[in-house]
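The residues making up each chain are set out below.
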Amino acid sequence: MARKITYQQAINEALDQEMARDKSVIIMGEDVAGGSGGDGEMDAWGGVLGVTKGLWGKYGDRVMDTPISEAGYVGAAVGAATAGLRPVCELMFIDFMGVCFDQIYNQAAKFRYMFGGKAETPIVIRTMYGAGFRAAAQHSQCLYNMFTAVPGLKVVIPSSPYDVKGLLIQAMRDNDPVIFCEHKVLYTLEGDVPEESYTIPFGEANIVREGNDVTIVTVGRMVHQAMEAATTLAKEGVSCEVVDLRTTSPLDEETILESVENTGRLVVVDESTPRCSIATDISAIVAQKAFGSLEAPIEMVTAPHTPVPFNGTLEDQYVPSPGKIADAVKIVMGYKA
Amino acid sequence: MSESQIVAMTMPKWGLSMTEGKVMEWLVEEGTDLSLGDDVLDIETEKIANTFEALDAGILRRQIADPEDVLPVGALLGVIAPLEITEDEIDAFIVTFLANYVPPEPEEEEEEGSGGYEELEANGYHLRYSKMGTGDKVILLVHGFGGDADRWLFTQQPLSSNATVYALDLPGHGKSTKKIQDGSVEGLAKTVIAFMKALDIDSAHLVGHSLGGAIALKIALIEPALVSKLDLIASAGLGSEINNEYIQGFISTDSRKEMKKLLQKLVADPDLVNRSLVNDMLQFKRTDGVNAALKTISTGFIEADGSQSDIMKEELHQLPMPVRVIWGTKDQIIPSAHAESLPPNVEINLLDGYGHLVQLEAASEVNALLAS
């Protein structure tokens, strides 16, 4: 039986092991080191939630605190990546991408293409996303769909401690820019994680539960909501197959299509707002490529088209719940042509 | 008096990591008169799907577990009792059983040290192993290429009722050191010898599967005193043919589909290879250092032309201990023909219709042989 650690510890371990293995890996971000000049805890904040705690003590200057200027340090990290380092840059909340979007989508994402493959940009941008943390409209969004839309970026959204370690190590070894999206609510989630270093390839979805009646395609924290719904539905005789995309770019279309061809029904669960999202993207792909297999219209379970509310009661209503997912499954199951 | 004739059929524990199993399908009706070893129901664990065989003879009076139920180890699956036991007595038995049944606490197991696995240093390697049973007799199980101690999922516990049974992860495998120093059969044999010495094992019944068979045989040739009895299951080292396409495919693949196809070559019944088994193998292969280790080990026993390099068939006759060969006739990795024309001191057992992983596919037959 493997050892159990949290999602947050698994991220730390991945960074630690890869920094030990590869001297070119560096960390940059706001408060990732500490830098107050004090002792112990004073000088080891390890980021806003303590994810990089302990690394500054071990790797010194390879863990760099930056000014509160995402445009500046993300740009510097992109440059460092083209010059041979492998920066892991922390963009505290995905909501802040606006201030450094040029560095990401118009610089990092384009270099390999524009320089005929001669330039590589092996940068990882770690960032927190998602609602449920009472952090209000500017710190709770689910914007991975925007990065997914940009050719040249890889987008990773791990759902479990096992996956987050293997995918982060893969991200650091990858030679292209990777946007690594961590859901803050998952940080305390415990799971089996091997002590050794290992990787999980991008573009391989994980079938977390096998079933025959309906396919639920989802990603990130929503995997857990979907699994809860699937457990409830199994007691009512509905067999759900839950597909965790793991990465939205590259996307494992094959697994999605094979699953829908087997079940004939699709529910997509996405924590983003409903327009131009992973939910609409998956729905379009399935409608186009597996139309003949569908026995019912596709259902999407998403957040509503509003900012994330600060009011706790409203925020709880905002995030797709196991109950809403189960309702959507019942709709596709009950459909009669 | 009558109550003692009622027997509970419970969720088995197939391997150290198994905490629960999923009931797939009953293969017999209530009222069936079961003989020992009869197929009773299909159970799926996180590792593998398998058929549960009757551990007690008698009439299946009740099916308690329903298909799709996920039940902890030791949970009641069914009740066996003679016809003279009344329905009321069976009801009372079930009530008592359920009242006394305590599901195993997975957390408790972990406190004892990662769930029964132990580790030691030998010959420059960190080796993980599991130990079951406390008997004076010592049995050591050696897995094959790409396997680990879990290849003995259905072997280790049954044998441990009257013996101390060890199963180790060879170098490059499981949770043991991935960096290989000497990947030859002899090099690996020397590591297993060092492992035995580290545990103060003077002499053991060695059971080796596939490459593990060649390693066990090599140990018996190098230090015969260490081996009281030798069982070679679908063993390497007894002939030149081997399915090198499987070996090379296993080393190079990183795709679920391909891995599934490859693993299906290991068994006669392809349905035994489920998603979890495929995932487990991919997880293993995606661990740092594993592919390099597998490559090194493969060149240690396979020539560039794809044939086996270390063939010990001609030396079998000189072994002083009892030697037995067990093979499934549908082996697609190493042909069961290698069990033919062996010297007379070797007992030969061909199991009809099973594949390379015969100890998993025909667990009760293999276990009965190993225990005899």
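Above this text is the structure in question.
Note that the structure is a prediction, hence the values are computed from the model and not measured.

(A) Representation of the overall build of chain B within the structure. Helix and strand counts for chain B come out as eleven helices and 16 strands. Whereas a compact globule of 372 residues would reach a radius of gyration of roughly 21 Å, chain B reaches 21 Å, a difference of no more than 12%. With the C-alpha coordinates of chain B rotated into their principal frame, the extents come out at 65 × 45 × 40 Å. A buried classification covers 56% of the 372 residues belonging to chain B. Of the contacts made within chain B by residues no fewer than 6 positions apart, 69% connect residues no fewer than 24 positions apart. For chain B, the exposed surface amounts to about 15,300 Å²; the carbon and sulfur share of it is 49%. When the 28 basic and 60 acidic side-chain charges of chain B are each reduced to a single mean position, those positions are 9 Å apart.

(B) Structural view of the packing of helix α4 (residues 185-198) of chain B against helix α5 (residues 211-222) of chain B. Residues and elements named next belong to chain B. Contact geometry of α4 with α5 gives a least axis separation of 8 Å together with a crossing angle of 70 degrees. Compared by their axis directions, α4 and α5 come out roughly perpendicular. When α4 is examined against α5, the residues Val185, Glu186, Leu188, Ala189, Val192 and Ile193 are found in contact with a partner set consisting of Leu211, Ala214, Ile215, Lys218, Ile219 and Ile222.

(C) Structural context of the packing of helix α8 (residues 222-235) of chain A against helix α12 (residues 322-334) of chain A. All names here are of chain A. Remark: α8 packs on α12, axes separated minimally by 8 Å, with the N-to-C direction vectors making an angle of 55 degrees. It follows that α8 is oblique to α12 by the angle criterion. As α8 packs across α12, the resulting crossing turns out to be right-handed. Side by side, α8 and α12 meet where Gln225, Ala226, Glu228, Ala229 and Leu233 of the first sit next to Pro322, Ile325, Ala326, Val329 and Lys330 of the second. In terms of residue class, the contact of α8 with α12 is built from seven nonpolar, one polar and two charged.

(D) Fine view of the sheet that holds strand β2 (residues 25-29) of chain A. Residues and elements named next belong to chain A. Strand order in this open sheet of seven strands is β3-β2-β4-β5-β7-β6-β12, and the pairing throughout is mixed. For this open sheet the edge positions go to β3 (63-65) and β12 (247-249), each flanked by a neighbour on one side alone. Pairs of neighbouring strands in the sheet enclose a mean axial angle of 20 degrees, with direction left out of account. As paired elements, strand β4 (residues 86-93) and strand β5 (residues 124-129) share five bridges and run parallel to each other. Among the inter-strand pairings, Phe93 is bridged to a residue of β5, identified as Met128. Sheet contacts for helix α3 (residues 70-82): β2, β4 and β5; angle to β4, the most-contacted strand, approximately 160 degrees.

(E) Region of interest: the pattern of salt bridges. In this structure the tally under the stated criterion is 37 salt bridges over all chains. With a shortest N-O distance of 2.8 Å, Arg21 of chain A and Glu18 of chain A are connected by a salt bridge. Pair noted here: Arg21 of chain A and Glu18 of chain A are both in helix α1 (residues 7-21), with a separation of three residues, about one helical turn. By relative accessible area, Arg21 of chain A is classed as partly exposed at 46%. Residue Glu18 of chain A is classed as buried on the basis of its relative accessible area of 1%. One salt bridge connects Arg275 of chain B with Glu210 of chain A, and the closest N-O pair in it is separated by 3.4 Å. One end of the pair, Arg275 of chain B, is in helix α8 (residues 275-285); the other, Glu210 of chain A, is in the loop between β9 (206-209) and β10 (214-218), on a second chain.

(F) The pairing of β10 of chain A, seen in detail. Residues and elements named next belong to chain A. Across the five residues of β10, five count as buried, placing the element largely inside the fold. Residues Val214, Ile216 and Thr218 of β10 are buried on one face, and the alternating residues Thr215 and Val217, pointing to the opposite face, are buried as well. Of the pairings in the sheet, the one linking β10 to strand β11 (residues 240-244) comprises five bridges and is parallel in character. Looking across to β11, one finds that Val217 is bridged to Val243. Following the chain from β10 across α8 to the adjacent parallel β11, one finds a crossover that is right-handed.

(G) A look at the side chain of Asp231 of chain B. Take Asp231 of chain B: it is sitting in strand β14 (residues 227-233). Beyond its immediate stretch of four places on either side in the chain, Asp231 of chain B contacts His205, Leu206, Val207, Gly208, Arg324, Ile326 and Leu370 of chain B.

(H) Highlighting the layout of surface pockets. Residue and element names in this part refer to chain B. Approximately 880 Å³ is the volume attributed to the second largest pocket. If you go around the second largest pocket, you meet 33 residues; those closest to its centre are Trp14, Asn50, Thr51, Phe52 and Glu53. Taken together, the elements giving at least two residues each to the lining of the second largest pocket come down to β2 (20-26), β4 (39-44), β5 (49-53), α3 (156-159), α10 (358-361) and α11 (363-371). Its residues assigned to classes, the lining of the second largest pocket comprises 16 nonpolar, seven polar and ten charged. Counting contributing residues, the lining of the second largest pocket receives three or more from each of domain 1 (2-108) and domain 2 (116-371).

How each quantity is defined
Each residue is numbered by its place in its chain's sequence as written, counting from 1. Chain A is the first chain written and ligand 1 is the first ligand written, with later ones labelled in order. It should be noted that, the model being predicted, local features are given only for residues of pLDDT at least 70 and side-chain atom pairs only at 80 or more, the latter also being counted only at that level, while totals for whole chains, interfaces and linings use all residues. As a convention, hydrogens and water are excluded, and side-chain values are obtained from all of the structure's heavy atoms. Each helix is a run of H or I in the DSSP string that is no shorter than four residues. Each strand is a run of E no shorter than two, and both are numbered from the N terminus. Atoms counted for the radius of gyration: C-alpha only. Globule rule: 2.2 Å times the number of residues to the power 0.38. The buried label goes to any residue with under 20% of its type's maximum accessible area, the exposed label to any with over 50%, and the partly exposed label to all in between, with areas taken from a 1.4 Å probe on protein chains only. Here, residues are in contact when the closest pair of their heavy atoms is within 4.5 Å. Each accessible area is a Shrake-Rupley estimate made with a 1.4 Å probe; only the visible protein chains count as cover when residues are assessed. None of His or the chain ends enter the tally, which takes Lys and Arg as positive and Asp and Glu as negative. Think of each charge as sitting on NZ of Lys, CZ of Arg, CG of Asp or CD of Glu. Only C-alpha atoms enter the line fits that serve as axes; for helices the fit covers just the stretch in contact. Angles between N-to-C directions range over 0 to 180 degrees. When an angle is under 35 degrees it counts as roughly parallel; over 145 it counts as roughly antiparallel; between 65 and 115 it counts as roughly perpendicular; any other value is oblique. We call a crossing left-handed when the near helix sits turned anticlockwise from the far one by less than a right angle, and right-handed when that turn is clockwise. For this classification, Asp, Glu, Lys and Arg are treated as charged, while Ala, Val, Leu, Ile, Met, Phe, Trp, Tyr, Cys and Pro are nonpolar and the rest, including Gly, are polar. Paired strands, as defined in this entry, are two strands with at least two bridges between them according to DSSP. Any Lys or Arg side-chain nitrogen found within 4 Å of a carboxyl oxygen on Asp or Glu counts as a salt bridge. Classification remark: right-handed applies to a crossover when, strands pointing away from the viewer, the course from the first strand over the helix to the second runs clockwise. Cavities and pockets are defined on a 1 Å grid built over the protein atoms alone: a cavity is a set of grid points where a 1.4 Å probe fits but cannot escape, while a pocket is an open set with protein on both sides within 12 Å along at least five of seven lines, and lining residues are those with an atom within 4 Å of any such point. Grid points are joined across faces, edges and corners, and a volume is the space filled by probe spheres set on the points. Residue ranges labeled as domains rest on an automatic or database domain assignment.

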